[in-house]
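Results of the structural survey
One-letter residues, chain by chain:
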Amino acid sequence: MAIVKQMGKAQAEGYIYGINGPVIKAKGSNEFRMLEVVYVGKEKLIGEVISVDDTETTIQVYEDTTGLTVGEPIVSYGSLMSVTLAPGIIGNIFDGIERPLNVIKEQTGVLITRGIQLSSVDLEKKWDAEFIVSVGDKVSFGTIIATVRETESIVNKVMIPFGVEGIVKSVLKNGQYNVAETIVTVETASGEEIAVNMMQEFPIRTPRPVMYRERMVRPLITGQRIIDALLPISKGGAAAIPGGFGTGKTMTQHQLAKWCDADIIVYIGCGERGNEMTQVLEEFSKLVDPKTGNLLLNRTVLIANTSNMPVAAREASIYTGVAIAEYYRDMGYHVAIMADSTSRWAEALREISGRLEEMPAEEGFPAYLASRLAAFYERAGYMHNLNGTEGSITIIGAVSPQGGDFSEPVTQSTKRFTRCFFSLDKNLAYARHYPAINWLDSYSEYIDELTPWFNENVSPDFMLERTKFMDILQEENSLMEIVKLIGSDILPDDQKLVLEIARIIRLGFLQQNAFHDVDTYVPLKKQMLMMKTISYLYEKAKELLKLNITIGQLRESGIYDDVIKMKYNIDNEDFEPFEKLNAKIENEVNRIKTDNGYTN
Amino acid sequence: MSVEYIGLNKIEGPLVAIEGVEGASFDEIVEITNSEGEKRLGRIIEIYGDKSIVQVFEGTENYSLTNTTIRLTGKPLEIPMSREILGRVLDGVGRPIDGLGDIFPDEMREVNGSPINPVARVYPNNYIQTGISSIDCLATLIRGQKLPIFSGNGMPHDILAVQIVKQAKIAEDSGQEFAVVFAAMGVKHDVEAYFRDAFEQSGVLHKVVMFVNLLDDPIVERIVTPRAALTAAEYLAFKCNMHILVIMTDMTSYAEAVREISSSKGEIPSRKGYPGYLYSDLASLYERAGLVEGSSGSITQIPILTVPNDDITHPIPDLTGYITEGQIVLDKSLHLRSVYPPIAILPSLSRLMKDGIGEGFTRKDHVPLANQLFASYAKVMDARALASVIGEEELSPVDKQYMEFGREFEKRFIGQGKNENRSIFQTLNLGWQLLGLLPVDELDRLEQSVIDEFYSKTQVIL
Ligand SMILES: Nc1ncnc2c1ncn2[C@@H]1O[C@H](COP(=O)(O)OP(=O)(O)OP(=O)(O)O)[C@@H](O)[C@H]1O
Ligand SMILES: [Mg+2]
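Structural notes, computed from the coordinates. (Residues numbered from 1 in each chain as written. Chains lettered and ligands numbered in written order. Predicted model: local features only at pLDDT ≥ 70, side-chain atom pairs only at ≥ 80, totals over all residues. Heavy atoms only, no water.)

**A few points about the packing of aromatic side chains**
The way to describe two aromatic rings as a pair is by their centre distance and the angle between their planes. As a reminder, the rule being used: A pair of Phe, Tyr and Trp rings is counted when the ring centres sit within 6.5 Å of each other, with Trp represented by its six-membered ring. The angle between the planes then sorts it: under 30 degrees is stacked, over 60 is edge-to-face, the rest tilted. Definition used: whenever NZ (Lys) or CZ (Arg) falls within 6 Å of the ring centre and also within 35 degrees of the ring normal, the charge is taken to sit over that ring.
The final tally for this structure, using the stated rule, is 26 aromatic pairs over all chains. Taken together, the ring pairs in this structure connect B:Phe182, B:Tyr194, B:Phe195 and B:Phe199 into an aromatic cluster. The ring of A:Tyr333 is capped by A:Lys157, whose NZ or CZ atom sits 4.8 Å from the centre of that ring. Positioned above the aromatic ring of B:Tyr277, the side-chain terminus of A:Arg355 is 5.9 Å from the ring centre.

**Observations concerning the nonpolar core**
All names here are of chain A. Going by this rule: Note on terminology: a nonpolar core comprises buried Ala, Val, Leu, Ile, Met, Phe, Trp, Tyr and Cys residues joined through side-chain atoms within 4.5 Å. Burial classes follow relative accessibility: with a 1.4 Å probe on protein chains only, a residue under 20% of its type's maximum area counts as buried, one over 50% as exposed, and anything between as partly exposed. Strands here are runs of E lasting at least two residues and helices are runs of H or I lasting at least four, both read from the DSSP assignment and numbered beginning at the N terminus. Throughout, a contact is declared for two residues whenever any of their heavy atoms are within 4.5 Å.
Ranked by size, the top nonpolar core spans 95 residues in total, and within it Leu230, Ile501, Ile505, Phe509, Ile534, Leu537 and Leu554 carry the most contacts. Ranked by residue count, the leading element in this core is helix H13 (residues 524-546), at 11 residues. When sequence neighbours within four positions are dropped, the list of residues in contact with Ile501 reads Ile472, Ile534, Leu537 and Tyr538. Ranked by size, the runner-up nonpolar core spans 83 residues in total, among them Ile89, Ile264, Cys270 and Ile337.

**Overview of the interface of chain A and chain B**
Definition in use: A 1.4 Å probe defines the accessible area here, and the buried area is the portion of it lost by two parts on being joined, summed over both. What makes a salt bridge here is a side-chain nitrogen of Lys or Arg within 4 Å of a carboxyl oxygen of Asp or Glu, nothing more. Side-chain atoms alone can form a polar contact between residues adjacent in sequence; in general such a contact is a pair of N or O atoms within 3.5 Å, and within protein one must be able to donate a hydrogen while the other accepts it. Residues are grouped as follows: nonpolar covers Ala, Val, Leu, Ile, Met, Phe, Trp, Tyr, Cys and Pro; charged covers Asp, Glu, Lys and Arg; every other residue, Gly included, is treated as polar. A pair of strands is considered paired only if DSSP assigns at least 2 bridges between the two.
Tallying the contact residues gives 80 residues for chain A and 72 residues for chain B. Buried surface at the junction of chain A and chain B, summed over both partners, amounts to about 6,200 Å²; 54% is from carbon and sulfur atoms. For the pair chain A and chain B, the interface holds 4 salt bridges. Measuring nitrogen to oxygen at the nearest pair gives 3.0 Å for the salt bridge that ties A:Glu363 to B:Arg271. Across the contact surface, chain A and chain B share 33 residue pairs in polar contact (both at pLDDT 80 or more). The element that contributes the greatest number of residues to the side of chain A that touches chain B is helix H4 (residues 274-284) of chain A, accounting for 7 residues. For the side of chain A that touches chain B, the class distribution of residues is 28 nonpolar, 29 polar and 23 charged. As defined by bridge partners, strand S1 (residues 12-20) of chain A adjoins strand S5 (residues 39-48) of chain B across 2 bridges and the pair is classed as antiparallel. Counted as the bridge partner of A:Ile19 is B:Ile47 from S5(B).

**Describing the sheet that holds strand S16 (residues 208-214) of chain B**
Residue and element names in this part refer to chain B. Counted only if it meets this: Helix axes are fitted to C-alpha atoms over the stretch in contact, other axes to C-alpha atoms as well, and angles between N-to-C directions run from 0 to 180 degrees.
Strand order in the open sheet formed by 8 strands is S9-S16-S15-S17-S19-S14-S20-S21, with mixed pairing between adjacent strands. Either end of the sheet is taken by a strand with one partner, and the two such strands are strand S9 (89-91) and strand S21 (343-350). Recorded for the sheet is a direction-independent mean angle of 15 degrees between the axes of neighbouring strands. Where strand S14 (residues 149-151) lies against strand S20 (residues 326-330), 2 bridges are found, and the strand directions are parallel. Note that in S20 the partner of Ile149 across the bridge is Ile328. The strands that helix H2 (residues 157-167) touches are S14, strand S15 (178-187), strand S17 (243-249), strand S19 (298-306), S20 and S21; relative to S19, the one it contacts most, it runs at about 165 degrees.

Have a look at this one:
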């Protein structure tokens, strides 16, 4: 967000006529434009024009409107609701309209007060710029003109802002500059000279233009077994995590934000708890990114508009987040957005809509809920950028259905616009089976696109093992219907074995302990070896069945337990113990055969 | 600001419309006087030109379009704050009703508060021993947490809340003062009296401030009650550095008041007639818990709500669960089997416990033990379901052991006396003893080292 003093001359001036919570009616000018920023009242609260007609203008205000009175001034400076894009964003935490919460704390203390106008990034700080362009180069929107080390993990690529095109007229020497200093000038075709610095504004509700979309053939590797192995998501894809309260949406998003192999994480706390943001801040300032060896905070941007912060800014927060993500995508980075929770965003939309007395559709949500959600998720994608780089935005949105009922409008619409569905299950959460992602109700539509990547980069076995696991889990599900009615005792041995292997898959593979040093993140190679080990156990056990040896003997050998605990006992780098474990399985099976009078 | 306006334009439920008013500001408090000279307070909730809509706290009985005058105060609702509020009983908007005279304010505070900056929060990680095994072991209360009790009519949530107040070791190790802020919203007289007596008997009354809006008190005031109480809590915690436990009961009555006012405003309802902003409204209360930088006090909230129809998906418990940091769920069937406290442990959860338990806080076996108890108890449910179909006799030997474990666990671990105060070590040891009823290869959440150190040892003791 920009600050008032930079805005120059007022474009439209009116006054407050009506106040209804965050919604203000303005009169006195018919020059206000849709979606432009306005400053409301003596305290200059930040707002945005959301509808205009010939008698009055409707504005949503991003701050608490207590104390406003009729007649107070409303001013606009002609700019759309925008984000400030510049080095200094990464590692920072902002509210829903990109005001830096750390600076707010310095200025106003523990509580957030109103009418604070602040620059989003530090305007004084000097950055070490290395120039890439020289005088005479042709540049246009997105052309990278310089690089700046923004954090230990991220190099910011300074780009030509939107609307600027021409020939480089002057370039400063490599050196230290702040974001507001002119570093390059560009002469346009009409002979105008435009000054360019490291900072640019971009409207939050407009997708940044790209050259074209690429196919999404690379996975976002998360280190979370149930996702990588059973429900993989592509870089550039979109996923929904629906679940009732306490089922693990936030935990799942924290895990992804920590361990997924994106270059940059934009974490949007949209109408959720303050403590959760504090927790991310604290943990990410300590945890090390396994990929770069730097602190996780060095690749993370946090947007925190918690549930008790103004509701209109909550509505804006996801756009602020995605606009920031697109900026880094244009530099050629893979960005992952965690939006927790899109339902709170939808509720903000509903609340504003209600105050506008719009005709509600389902459950009071406005009829445009679905199109807004679609527009948001469409900003995900694997893009070929205008400047020739490739980058992606993966969006992972939590959905908090009322009453845990997935038939409600937000879940249903989201389902249409995302291609991964990580359905969280209350009963799994009650039994403390985490992550409580239900393997039967969830799906990923990216599997076919991603199979070649796994074949090439991990092993053709990976997807084969996946299919085997899914089959066993499906079969378990149908057998459980019977077991619920009559118990498992009377099942034939081969079906008992299916249940036992399924149990091993659930406990040993699907359950993953986020709080365990080794188990919290698991590389693909280990995931595959784990799958293969379980399959091997299954194959060997079937050999016993063929010889009519009761399966109970294998259970009693204790080998199941060894397999279940391999996730803890085998390291993430040293895979040798898998051979030992497989050998142990073989030995146990052979021993049982011998005990039953068979020779090997 | 002493211009007075005579007459009203419209009266509807707790709302009145006034016209021709100048300088009214959003959310400001107005004073309404009727022809008998009786003063009531109202709040401006909408302004359009020279028209305003006012919500009258004490209701609009006796009002006609002509018999009232309105005076703008120019300020949002503020209440007097001072340490002297401890030991006092106030009404829903913070006026004394105990006959002990006015409160001499140290400062006036706006009841709506302001959001806490997330970067100024301190993440809570200090556990509070309540002496109740099921809570301490399985849904540990953390200082600065918001942990509601989901209950139902006729269930002992009040008794449990009092037991927590009496037993909670909330400030012991910090040498700081501890106090209770009690907000009663739409509760029956005898409930309020029960709490007052209980506080008195346990000698904490002088450390309690009560904000009371009873069942027959005006509903607009009910909307302010928790806000007034939390304003007091913030003053005591963050200005006076005290550890504050806030008990708010009954959140269901509160939410119903929100619904009633919303419908009188003609707003579009979302689920079950509740307004779409109920989530944000509840969050503006629940988020006023926690710890902040620069202050050594804390606010721990225990809201109590009676779940309508025992339906946990009803908007009130549902939205509450989406905001609070876990929940303690009371269960009717345990209550009918005389298990006290009837805490249903599977749906109960404390989200902050993981950072406040284990080595250095409670004991290093706490986390694995809790995980195993949850998992084993979940299997008890499966065994019971099966037993109800085929009969307990037909169960496999392992399932029979689960049935036995379930009974003992409910009787001895969940169940305890209303004055029984167990230390965390007693609780944990009891948990291990009960796991002893199950064969070791059923303990699939435990690493071998834990089994060796704790499970096997307890076996010897048994
Ligand atoms: N992967 C996991 N590993 C361990 N514990 C987990 C995991 N996922 C969830 N939990 C447990 O469940 C609790 C609730 O999880 P979480 O806060 O993510 O729920 P949520 O779905 O975001 O709920 P809400 O909608 O209320 O925000 C956590 O505090 C933690 O105790
Ligand atoms: Mg959450």
